[in-house]
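For reference, the chains in residue letters:
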Amino acid sequence: MRKTSHSPAIRRCNRINPKARGIAAGLAAAAFVGMAAAESGDDIAQRETAAREVTAAFIQGLGAALKNEMSKDGPAAAISVCKEIALDIAGRLSRTHGWRVTRVGTRVRNPMLGLPDTWEQQVLARFAKRASQGEPLKGMVHSEIVSEPHGRYFRFMQAIGVQELCLTCHGPKEQIPEAVRAALAKHYPADQAIGYRLGELRGAVSIKQPLPKR
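All values reported here derive from a predicted model rather than from experimental measurement.

K.L.:
I'd like a description of the nonpolar core, backed by residues and values.
P.N.:
Of all hydrophobic cores here, the largest spans 33 residues; its most connected members are Phe 58, Ile 79, Leu 93, Trp 99, Val 180 and Ile 207. For this core, the elements supplying multiple residues, two or more each, are α3 (44-73), α4 (77-97), β3 (151-161), α7 (178-187) and β4 (201-210). Counting residues per element, this core draws most heavily on α3, which supplies nine residues. With sequence-adjacent residues up to four places away left out, Val 180 is seen in contact with Pro 75, Ala 76, Ile 79, Thr 168 and Cys 169. Judged by nonpolar contacts, the second largest core, of 12 residues, contains Trp 119, Leu 124, Met 157 and Ala 204.

In structure tokens:
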């Protein structure tokens, strides 16, 4: 079988930039500050404040990695950021706090990741309704304590709106660079996460924190 060679930008999708790892580690440590008070009791306000801080760390780290990789390797490098680096940042934050920190989307690129559960689907629908009524997506959140078969959890979501950089991989098909379209077709043949417009609801950062048993 003939081996297919890829451009440096596409090969970049298969590894994580050490600098991005450093960014993720630093942000995880910074977001940990002030968490002790939020780790006891069922004070939703405290827990929401802590969740907002972790979400800000995630978004900041992801944005920095995206700009860094695209400036070096071009538009196709954006795929590696969402495929590898975003997972690395979310994983570091999850391990630091003992929570599940992840992203979910209104349309899914990778059915193995980013697929919202029932609660997340309901919150995304609420976000869409709130946005349709004129509420800005920036800072739009929802949190509550949820009882599930395996225990009680504090659950939090913050909406993610489509930014200019997001359009490189998630915009209208005709506006996505050819190299990016080719890479998406290769890595995500069932991709549904395109066709978004600037400012549209893309998805949310979702946090799930286990609560002490009563």
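K.L.:
Any details on the packing of aromatic side chains? Residues and values, ideally.
P.N.:
Taken as a whole and assessed by the stated rule, the structure comprises zero aromatic pairs. The ring of Tyr 196 has Arg 107 lying over it, and the distance from NZ or CZ to the ring centre is 3.8 Å. Sitting over the ring of Tyr 153, Lys 208 keeps its end group 4.4 Å from the ring centre.

K.L.:
Report on the sheet that holds β4, specifying residues and quantitative values.
P.N.:
Taken together, four strands build an open sheet; the order of strands is β1-β4-β3-β2 and the sheet is antiparallel. Either end of the sheet is taken by a strand with one partner, and the two such strands are β1 (100-105) and β2 (141-148). The sheet shows a mean angle of 25 degrees between the axes of neighbouring strands, taken without regard to direction. Across eight bridges, the pairing between β2 and β3 is antiparallel. For His 142, the partnering residue across the bridge sits in β3 and is Met 157. Against the sheet, α3 engages β1, β2, β3 and β4, with an angle of about 45 degrees to β3.

K.L.:
Tell me what's going on with the environment of Arg 92, and back it up with residues and numbers.
P.N.:
Looking at where Arg 92 falls in the secondary structure, it is placed in helix α4. Each C-alpha atom, one on Arg 92 and one on Phe 58, is 9.7 Å from the other, the two residues being 34 residues apart in sequence.

K.L.:
Tell me about the side chain of Arg 152, and name the residues and values.
P.N.:
Along the chain, the position of Arg 152 falls in strand β3. The buried category is assigned to Arg 152, whose relative accessible area is 16%. For Arg 152, the side chain forms a polar contact with the main-chain oxygen of Pro 212, separated by 3.4 Å.

K.L.:
Could you give an account of a nonpolar patch on the surface, naming the residues involved and the relevant values?
P.N.:
A cluster of nonpolar side chains, Leu 87, Met 112 and Leu 113, forms an exposed patch at the surface whose accessible area comes to about 330 Å². Note on placement: Leu 113 falls in the loop between β1 and α5 (118-132). Owing to a relative accessible area of 43%, Leu 113 belongs among the partly exposed residues under this scheme.

K.L.:
Requested: an account of the pattern of salt bridges, with residues and values cited.
P.N.:
Counted under the stated rule, the structure contains 11 salt bridges. For Arg 52, the salt bridge goes to Glu 48, with nearest N and O atoms at 3.2 Å. Note that Arg 52 and Glu 48 are positioned in helix α3 at a spacing of four residues, about one turn of the helix. For Arg 52, a relative accessible area of 34% corresponds to the partly exposed category. The residue Arg 155 makes a salt bridge to Asp 117 at a minimum N-O spacing of 3.0 Å. Highlighted residues: Arg 155 in strand β3 and Asp 117 in the loop between β1 and α5, separated in sequence by 38 residues. Since its relative accessible area comes to 25%, Asp 117 is described here as partly exposed.

K.L.:
Before we move on, can you summarise the environment of Ile 176 with the specific residues and values?
P.N.:
On the secondary structure map, Ile 176 appears in the loop between α6 (167-170) and α7. For Ile 176, a relative accessible area of 3% puts it in the buried group. Considering only alpha carbons, one finds Ile 176 and Ala 76, 100 residues apart in sequence, at a separation of 9.9 Å. Each residue touching Ile 176, except ones within four places of it in the same chain, is listed here: Leu 167, Thr 168, Cys 169, His 170, Gly 171, Arg 181 and Ile 194.

Parameters and conventions
All chains use their own residue numbering, which begins from 1 and follows the written sequence. Restriction of local features to residues with pLDDT of at least 70 applies here, the model being predicted, together with a cutoff of 80 or more for giving and counting side-chain atom pairs; totals for whole chains, interfaces and linings are based on all residues. Heavy atoms from the whole structure form the basis of all side-chain values; hydrogens and water molecules are not counted. Definition of nonpolar core: a set of buried residues of the types Ala, Val, Leu, Ile, Met, Phe, Trp, Tyr and Cys, connected through side-chain atoms within 4.5 Å. Here the term buried applies to any residue with accessible area under 20% of the maximum for its type, exposed to any over 50%, and partly exposed to those in between, with areas from a 1.4 Å probe on protein chains only. Runs of H or I in DSSP of at least four residues are treated as helices and runs of E of at least two as strands, each being numbered from the N terminus. In this analysis, two residues are considered to be in contact whenever any of their non-hydrogen atoms come within 4.5 Å of each other. Centre distance within 6.5 Å is the pairing criterion for rings of Phe, Tyr and Trp, where only the six-membered ring of Trp is used; planes under 30 degrees apart are then read as stacked, over 60 as edge-to-face, and the remainder as tilted. Think of it as a cone above the ring: NZ of Lys or CZ of Arg counts as a charge over the ring if it is within 6 Å of the ring centre and within 35 degrees of the ring normal. Strands pair, by our definition, only if DSSP identifies at least two bridges between them. Simply put, an axis is a line fit to the C-alpha atoms, just over the touching stretch for a helix, and the angle between two N-to-C directions goes from 0 to 180 degrees. Contacts described as polar in this section are N or O atom pairs within 3.5 Å, which, within protein, must combine one atom able to donate a hydrogen with one able to accept it, while residues neighboring in sequence count only if both atoms come from side chains. Exposure above 30% relative accessible area and the absence of a salt bridge qualify a residue for a patch, where like charges join within 9 Å and nonpolar side chains (Val, Leu, Ile, Met, Phe, Trp, Tyr) within 5 Å. Reported accessibility uses the Shrake-Rupley method at a 1.4 Å probe radius. Residues are deemed covered only where the shown protein chains occlude them. Any Lys or Arg side-chain nitrogen found within 4 Å of a carboxyl oxygen on Asp or Glu counts as a salt bridge.

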